[in-house]
Amino acid sequence: MGTTIKISSTNWVMAWTGLEINTLSIIPFIAKPDHPRAIEATIKYFLTKSAASALVLFSSMIYAWLTGQWDITQLNHPLPCLMLTTAIAIKLGLAPFHFWFPEVLQGSHLTTALLLSTLMKFPPLTLLLMTSKSLNPTLLTTLAITSMMLGGWMGLNQTQTRKILAFSSISHLGWMALVIIYNPKLSLLAFLLYVVMTTAVFLSLNKIKVLKLSTMLISWTKTPTLNAALMLTLLSLAGLPPLTGFSPKWLIIQELTKQEMTPAATIAAMLSLLGLFFYLRLAYHSTITLPPNSSNHMKTWYTRKTPSTLTAILTSLSISLLPLSPVILTMT
């Protein structure tokens, strides 16, 4: 309901209402596990989102005071525009406002972490899409490159799968923010493909009950087929051809080159190598059959449980959509 209100509204007050409904609706899911870390994650999420929502409301009031209107699409004053960009960056978890996101994901269940990484990103991103023509290009480019840099570097030494996927999300949001002013449709396409790939990864991890890399080392014996598909999906998230994840990065770099932003495109391409490292590490851990070091975990028996139809469909889409790139290019 909150997402629908936000997407369909052109008034600042209704957009803020939709964002608030969204924020409040996910809090019971985060707090559901009976664990102190879940309560800590809930409080961090609530305080951060409340601050961002207050900033959205304050920026819209400043805008109404300066211009006399509440229309989202007519944002043409630099002060409320700057405040709004900051508020949306906090809600999305763009660097340098990203510190809450990995901690909240780490304290949540895998299914809740999936919702936080995908569905809860959509309303703030639509607000960014609706105001994209009025945003400051320098500020957004700085936020985007910082997000790609920190998302790659801080994911390198993580051993928890949820934190790795949180930093992966921050890095991917950097790619979307980089091109959103020049081609909003392409940014939306990158988000949709990211949602497909991330959902496939989270559902696979939830199926094989993996929360740490040390557990992933011995998960091959349990569901070898699902682990092989998980490896390909992770490599797709990394952006390796000929998998689906290469398509948005390729199109974004092409669009940036057209806009004469070759330095930004070069930096983005170089920073994607940081993410590639920890994706390769995850892929290696998911497909290894004999752990190279002694593990305290008991090896699991092979099970005949097949993955759900949704997981199979999303994994197939995460691997095989690259040939459709010319069709996507004509649409964007």
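Residues numbered from 1 in each chain as written. Predicted model: local features only at pLDDT ≥ 70, side-chain atom pairs only at ≥ 80, totals over all residues. Heavy atoms only, no water.

Our focus in this paragraph is helix H13 (residues 246–258). With 13 residues, H13 should reach 18 Å at 1.5 Å per residue; the first-to-last C-alpha distance of 18 Å fits that figure. Along H13, the positions that sit buried rather than exposed are Ser-247, Pro-248, Lys-249, Leu-251, Ile-252, Glu-255 and Leu-256. Glu-260 sits one or two residues past H13 and shows a positive phi near 60 degrees. (Helix = DSSP H or I, 4+ residues; strand = E, 2+ residues; numbered from the N terminus. Expected span 1.5 Å × (residues − 1). Buried < 20%, exposed > 50% of the residue type's maximum accessible area, 1.4 Å probe, protein only.)

Before going further, it helps to examine the pattern of salt bridges. Proximity of charged atoms lets side chains of opposite charge pair with each other. All told, the structure shown has three salt bridges when counted by the stated rule. With a closest N to O distance of 2.8 Å, Glu-40 and Lys-44 form a salt bridge. With a gap of four residues between them, Glu-40 and Lys-44 both fall in helix H3 (residues 36–67), about one helical turn apart. Between Lys-44 and Glu-103 there is a salt bridge, with its nearest N and O atoms 3.9 Å apart. Placement of the pair is Lys-44 in helix H3 and Glu-103 in helix H5 (residues 100–106), with a sequence separation of 59 residues. On the accessibility criterion, Lys-44 (28% relative accessible area) is partly exposed. Glu-103 gets classed as partly exposed once you look at its relative accessible area, which sits at 32%. (Salt bridge = Lys/Arg side-chain N within 4 Å of Asp/Glu carboxyl O.)

Moving on, we get to the domain arrangement of the chain. Taken as a whole, the chain is organised into domain 1 (1–129) and domain 2 (136–331). One C-alpha centre belongs to domain 1, the other to domain 2; they are set 23 Å apart. Facing 29 residues of domain 1, the contacting portion of domain 2 comprises 33 residues. Counting across the interface, domain 1 meets domain 2 through one salt bridge. Note that Lys-163 and Glu-103 form a salt bridge whose closest N and O atoms lie 3.4 Å from each other. At the surface where domain 1 touches domain 2, the tally comes to five residue pairs in polar contact (both at pLDDT 80 or more). Looking at side-chain class alone, the side of domain 1 that touches domain 2 contains 18 nonpolar, nine polar and two charged residues. (Domains from an automatic or database assignment. Contact = heavy atoms within 4.5 Å. Polar contact = N/O pair within 3.5 Å; in protein donor to acceptor, adjacent residues only side chain to side chain. Nonpolar A, V, L, I, M, F, W, Y, C, P; charged D, E, K, R; others polar.)

What follows concerns the packing of helix H12 (residues 224–238) against helix H14 (residues 262–287). Where H12 contacts H14, the two axes come as close as 9 Å, and the packing angle between them is 175 degrees. With respect to H14, the axis of H12 lies roughly antiparallel. Contacts between H12 and H14 pair Asn-227, Ala-228, Leu-230, Met-231, Leu-234, Leu-235, Leu-237 and Ala-238 from the former with Leu-276, Tyr-279, Leu-280, Leu-282, Ala-283, Ser-286 and Thr-287 from the latter. Taken together, the residues of the contact of H12 with H14 break down into twelve nonpolar, three polar and no charged. (Axes fitted to C-alpha atoms, helices over the stretch in contact; angles between N-to-C directions. Parallel < 35°, antiparallel > 145°, perpendicular 65-115°, else oblique.)

With that out of the way, let us pick up the UniProt feature "domain: NADH:quinone oxidoreductase/Mrp antiporter transmembrane" (unreviewed entry) in the chain. Here, the residues flagged by UniProt with the feature "domain: NADH:quinone oxidoreductase/Mrp antiporter transmembrane" (unreviewed entry) are residues 9–274. From the first C-alpha to the last, residues 9–274 spans 38 Å; its make-up is 74% helix and 0% strand. (UniProt positions renumbered as here; feature names shortened; annotations may be inferred.)

Bringing unusual backbone geometry into the picture now. When glycine is set aside, most residues are seen to have a negative phi, and most peptide bonds are trans. Of note, the bond from Ala-95 into Pro-96 is cis; its omega dihedral lies within 30 degrees of zero at 5 degrees. Relative to the elements of secondary structure, Pro-96 occurs in the loop between helix H4 (78–92) and H5. Geometrically, the link from Pro-241 to Pro-242 is a cis peptide bond, its omega value of 5 degrees lying close to zero. By secondary structure assignment, the location of Pro-242 is in the loop between H12 and H13. Even without being a glycine, Lys-209 presents a positive backbone phi close to 55 degrees. Mapping Lys-209 onto the fold places it in the loop between helix H10 (184–208) and helix H11 (213–216). We classify Lys-209 as exposed; its relative accessible area is 56%. Look at Glu-260: it is not a glycine, yet its phi comes out positive at around 60 degrees. Its place among the elements puts Glu-260 in the loop between H13 and H14. Residue Glu-260 is classed as exposed on the basis of its relative accessible area, which comes to 72%.

Mapped onto the elements of the fold, Lys-249 is located in helix H13. Glu-255 is the oppositely charged side chain nearest to the buried, salt-bridge-free Lys-249, at an N-O distance of 18 Å. Only 3.2 Å separates the side chain of Lys-249 from the backbone oxygen of Ala-238, close enough to count as a polar contact. Every residue in contact with Lys-249, bar those within four places of it in the chain, is listed here: His-172, Trp-175, Leu-237, Ala-238, Gly-239 and Ser-272. (Lys, Arg positive; Asp, Glu negative; His and termini not counted.)

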